[in-house]
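# Chain and residue survey
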Amino acid sequence: MRPIGIFDSGIGGLTVARAISQRFPNHPLIYFGDTAHLPFGEKSPELIRHYATRITKELVKKDCAAIVVACNSASSNALDEVRMAAGHSVPVIDVIYPVVESVSREFVGDVVGVIGTRATIDSGWYQRLLAEKGCTVKSKVTPLLASAIEEGFHEGRISTALIEEYLTDDFYEGITALVLGCTHYPLISDQIQRVLPPGVKIVDSAEVVADELNQLDPAIFSEVVELDATHRPLRRFIVSDLTQSFQRGAERFFGSPVILEELKLSEHEGP
Ligand code: DGL
């Protein structure tokens, strides 16, 4: 059975990987965290495209049957390039279109808040897609949140201070839903929920992306798992730089030891 390839800059995409592995418990996954280059959200669109393309090529080389771009910064800036690198036979799922579809079904005509990295919000992608679906959008760049979460600062004073700094009363005013436009943010969604006015619904990409994957050609998912002549683990975690923060973050996230493989992405292709 060919694996599903999932990538992000760091641990954020694990929120999506977990939802996928819960939905397809016997399907092999390869998770790639580009730890050598995070945060993506502070990079130029050109550099994000370059990283996303290289990662995609690696996942295709590893024979992935589908690619999930578990990163809003890459989904909003590099989706065409990822599709090109994946080729026609490997479907690509991003984290933005499925969320926009789901939000617009529930909140059409409403004011919807979106928070995300600079790269995501500056791309205008959520704003445009949600407006096309009949939502009014309030967006906000929350640049330090992903890095703080990556460093393990969640459920504590630092993330609380950042949330209070970024999410002020006038931002909340009138919104009925808040889209977490960065896959790191579900790790602090309880904290965010606590500062939101009652009744505002938080939307993140994990479950809707797993739903989207479910819509793909069933042939990808229907084969019986053979465990396994090579004893290859069902879930592989590859990083471009073996960092303690990813190791700790992933283990905290899964609540069990995680074995990391390192794959240095070649620098010579140039952005
Ligand atoms: N989790 C990613 C996103 O959804 C990237 C965060 C970052 O590396 O800045 O945008």
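Residues numbered from 1 in each chain as written. Predicted model: local features only at pLDDT ≥ 70, side-chain atom pairs only at ≥ 80, totals over all residues. Heavy atoms only, no water.

### What about the packing of helix α1 (residues 14-23) against helix α13 (residues 244-254)?
As a reminder of what qualifies: A fitted line through C-alpha atoms serves as each axis, taken over the contacting stretch for helices, and the angle formed by two N-to-C directions is quoted from 0 to 180°. Segments assigned H or I by DSSP are reported as helices when at least four residues long, segments assigned E as strands when at least two residues long, and all are numbered from the N terminus. Geometric relationships in this document are graded by angle, where less than 35 degrees denotes roughly parallel, more than 145 denotes roughly antiparallel, 65 to 115 denotes roughly perpendicular, and other angles denote oblique. Crossings are assigned a handedness: left-handed for a near helix turned anticlockwise from the far helix by less than a right angle, right-handed for a clockwise turn. We call two residues in contact whenever any of their non-hydrogen atoms come within 4.5 Å of each other. Note on residue classes: Ala, Val, Leu, Ile, Met, Phe, Trp, Tyr, Cys and Pro are nonpolar, Asp, Glu, Lys and Arg are charged, and everything else, Gly too, is polar.
Here α1 crosses α13 at 40°, and the two axes come no closer than 11 Å. Between α1 and α13, the crossing angle belongs to the class labelled oblique. In terms of crossing hand, the pair formed by α1 and α13 is right-handed. Residue-level inspection shows Leu 14, Thr 15 and Arg 18 of α1 in contact with α13, the latter providing Ala 250, Phe 253 and Phe 254. When grouped by side-chain class, the residues that make up the contact of α1 with α13 number 4 nonpolar, 1 polar and 1 charged.

### Notes on the pattern of salt bridges
Any two side chains of opposite charge can pair, so long as their charged atoms come close to each other. Selection rule: One speaks of a salt bridge when a side-chain nitrogen belonging to Lys or Arg is within 4 Å of a carboxyl oxygen belonging to Asp or Glu. Only protein chains enter the calculation, and the probe is 1.4 Å; a residue is then buried if its accessible area is under 20% of its type maximum, exposed if over 50%, and partly exposed in between.
Under the definition given, this model contains 12 salt bridges. Ionic pairing is found between Arg 118 and Glu 42, a salt bridge with its closest N-O pair at 3.3 Å. Here Arg 118 is found in helix α5 (residues 118-123), whereas its partner Glu 42 is found in the loop between β2 (29-33) and α2 (45-61), with 76 residues between them in sequence. Given the relative accessible area of 37%, Arg 118 is considered partly exposed. We classify Glu 42 as partly exposed; its relative accessible area is 41%. The salt bridge partner of Lys 61 is Glu 58, with a shortest N-O separation of 3.3 Å.

### Considering unusual backbone geometry
The bulk of non-glycine residues show a negative phi, and the bulk of peptide bonds are trans. Backbone torsion omega between Leu 38 and Pro 39 reads 0°, so that peptide bond is classified as cis. Residue placement: Pro 39 occurs in the loop between β2 and α2. You will see that Asp 63, though not glycine, has its phi angle at about 70°, which is positive. With respect to the element layout, Asp 63 can be found in the loop between α2 and β3 (66-69). The class of Asp 63 is partly exposed, set by a relative accessible area of 41%.

### Re the sheet that holds strand β8 (residues 201-203)
The following threshold applies: Pairing between two strands is assigned when DSSP locates at least 2 bridges connecting them.
Read across the open sheet, the 4 strands follow the order β6-β5-β7-β8; overall the sheet is parallel. Looking at strand neighbours, the two that pair on one side only are β6 (136-141) and β8, the edges of this open sheet. Strand-to-strand twist across the sheet, computed as the mean angle between neighbouring axes with direction ignored, equals 25°. The strands that helix α6 (residues 125-132) touches are β5 (111-116), β6 and β7 (175-181); relative to β6, the one it contacts most, it runs at about 170°.

### A look at the site of the ligand
To keep it simple, the criterion reads: One heavy atom within 4 Å of a molecule or strand is enough for the residue carrying it to be called near that molecule or strand. Polar contacts, as used here, are pairs of N or O atoms within 3.5 Å; protein pairs need one atom able to donate a hydrogen and one able to accept it. Residues neighboring in sequence count only if both atoms are side-chain atoms. The Shrake-Rupley method, run with a 1.4 Å probe, gives the accessible areas here. Residue values count only the displayed protein chains as cover.
As a structural note, the neighbourhood of the ligand is formed by 13 residues, with Ser 9, Phe 40, Asn 72, Ser 73 and His 184 the closest of them. With respect to the ligand, the side chain of Ser 9 contributes an N or O atom lying 2.6 Å from an oxygen atom. Between the ligand and Thr 183, the relevant distance is 2.8 Å, taken from a nitrogen atom to a side-chain nitrogen or oxygen of the residue. Coverage of the ligand by the protein amounts to 98% of the 300 Å² it exposes when considered alone. Residues that form the shell around the ligand fall into these classes: 5 nonpolar, 7 polar and 1 charged.

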